Amino acid sequence: AVVEILRTISIHADKVILHFFCGPASVGYLYAAQRIVNLIQYFIISIRKIFFPVITENIEKRDNKKVCELLNKTIFTLLFILLPVVMFLSIYSKQIIILIAGSEFKESYIILVMLSIALVFQGIGLMFSSVIVGSGDNYLYRQIGVVIYSFTIILNLFLVPDSLFG
């Protein structure tokens, strides 16, 4: 329960902090970029939904070699697909934002680049967390979640540019 509470806070903390220190326009820029990245997240979630039962079955069989093989193949496939998408989003971010969200949100193209790069790491992390959850090690999963989401909340406080401490 603690992990889910922290996850929910970390998901929305950036918007609350941005609104408080920078105003609603900054939240709009973030939201425009997040909408595009959320579409790509569906792909990662789909891979995880296929990966999780297969990896759990092999963990239960104690076939560690197969678990490592599946994890490597899944991460390779994820990177094989995500890296070109991230490169495309990075190169054409301004045009994509203007096309999808409109010219009034063109400033959010930098946010789109950062979020798309973060998406690669998030996808890899989801595959590793599937192995942890599939192994039944809920304590480790909870500890990692508490550290990651707490760190994310703290980073949100420090990375709001100049508005917080300037």
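All values reported here derive from a predicted model rather than from experimental measurement.

**A word on the layout of surface pockets**
- In this model, the largest pocket occupies a volume close to 2,200 Å³.
- The wall of the largest pocket is formed by 50 residues, among which Ser10, Leu115, Ala118, Gln122 and Thr152 lie closest to the centre.
- If you list the elements that add at least two residues to the lining of the largest pocket, you get helix 1 (2–22), helix 2 (24–60), helix 5 (109–134) and helix 6 (138–159).
- When grouped by side-chain class, the residues that make up the lining of the largest pocket number 32 nonpolar, 11 polar and seven charged.

**Structural notes on a nonpolar patch on the surface**
- A cluster of nonpolar side chains, contributed by Phe151, Ile154, Leu155, Leu157, Phe158 and Leu159, occupies part of the molecular surface with about 590 Å² of accessible area.
- Leu159 sits in the exposed class, given a relative accessible area of 61%.

**A look at the pattern of salt bridges**
- Within this structure, the stated rule accounts for four salt bridges.
- Glu57 is the partner of Lys61 in a salt bridge, and the nearest nitrogen-oxygen pair spans 3.2 Å.
- Owing to a relative accessible area of 41%, Glu57 belongs among the partly exposed residues under this scheme.
- The partner of Lys73 in a salt bridge is Glu69, with the nearest N and O atoms 3.6 Å apart.

**Things to note about unusual backbone geometry**
- The phi angle at Arg62 is positive, at roughly 60°, despite the residue not being glycine.
- Within the fold, Arg62 resides in the loop between helix 2 and helix 3 (64–91).

**Considerations on the confidence of the model for the chain**
- Scored by pLDDT, the chain comes out at a mean of 88, with 95% of its residues at no less than 70.
- Mean pLDDT values over the elements of the chain span from 80, in helix 1, up to 95, in helix 3.

**A closer look at the nonpolar core**
- Of all hydrophobic cores here, the largest spans 25 residues; its most connected members are Phe51, Ile55, Leu78, Leu112, Met127 and Val131.
- Here this core gets nine residues from one element, more than from any other, and that element is helix 2.

**Examining the packing of aromatic side chains**
- Taken as a whole and judged by the stated rule, the model has three aromatic pairs.
- Each ring, one from Phe76 and one from Phe80, has its centre 6.0 Å from the other, and the planes form 25°; the classification is stacked. Of this pair, Phe76 and Phe80 are both found in helix 3, four residues apart, which corresponds to roughly one turn of the helix.
- Judged by relative accessible area, Phe80 falls into the exposed class, the value being 58%.

**Description of helix 4 (residues 93–101)**
- Along helix 4, the residues classified as buried are Ser93, Ile96, Ile97 and Ala101. An end-on view of helix 4 places all buried positions within 100° of arc, on one side of the element.
- Next to the buried residues of helix 4 lie helix 2, helix 3 and helix 5.
- After helix 4 finishes, the residue Gly102 shows a positive phi value of roughly 105°.

**Section: the side chain of Ser116**
- Mapped onto the elements, Ser116 comes out in helix 5.
- Overall, the relative accessible area of 0% leaves Ser116 in the buried class.
- Not counting the four nearest positions on each side in its chain, Ser116 is found in contact with Val37, Val86, Leu89 and Ser90.

**Comments concerning the packing of helix 2 against helix 4**
- Contact geometry of helix 2 with helix 4 gives a least axis separation of 10 Å together with a crossing angle of 95°. When the axis of helix 2 is compared with that of helix 4, the two are roughly perpendicular. Contacts between helix 2 and helix 4 pair Ala32, Ala33, Arg35 and Ile36 from the former with Ile96, Ile97, Ile100 and Ala101 from the latter.
- In terms of residue class, the contact of helix 2 with helix 4 is made up of seven nonpolar, no polar and one charged.

Quick notes on the rules
- Residues numbered from 1 in each chain as written.
- Predicted model: local features only at pLDDT ≥ 70, side-chain atom pairs only at ≥ 80, totals over all residues.
- Heavy atoms only, no water.
- 1 Å grid on protein atoms, 1.4 Å probe; cavity = no way out; pocket = protein on both sides within 12 Å on 5 of 7 lines; lining within 4 Å.
- Points joined across faces, edges and corners; volume = space filled by probe spheres on them.
- Helix = DSSP H or I, 4+ residues; strand = E, 2+ residues; numbered from the N terminus.
- Nonpolar A, V, L, I, M, F, W, Y, C, P; charged D, E, K, R; others polar.
- Patch = residues over 30% accessible without salt bridge, like charges linked within 9 Å, V, L, I, M, F, W, Y side chains within 5 Å.
- Areas by Shrake-Rupley, 256 points an atom, 1.4 Å probe, with all protein chains shown as cover.
- Salt bridge = Lys/Arg side-chain N within 4 Å of Asp/Glu carboxyl O.
- Buried < 20%, exposed > 50% of the residue type's maximum accessible area, 1.4 Å probe, protein only.
- pLDDT = per-residue confidence, 0-100.
- Core = buried A, V, L, I, M, F, W, Y, C linked by side-chain atoms within 4.5 Å.
- Phe/Tyr/Trp six-rings, centres within 6.5 Å; stacked < 30°, edge-to-face > 60°.
- Arc of directions from axis to C-beta.
- Contact = heavy atoms within 4.5 Å.
- Axes fitted to C-alpha atoms, helices over the stretch in contact; angles between N-to-C directions.
- Parallel < 35°, antiparallel > 145°, perpendicular 65-115°, else oblique.

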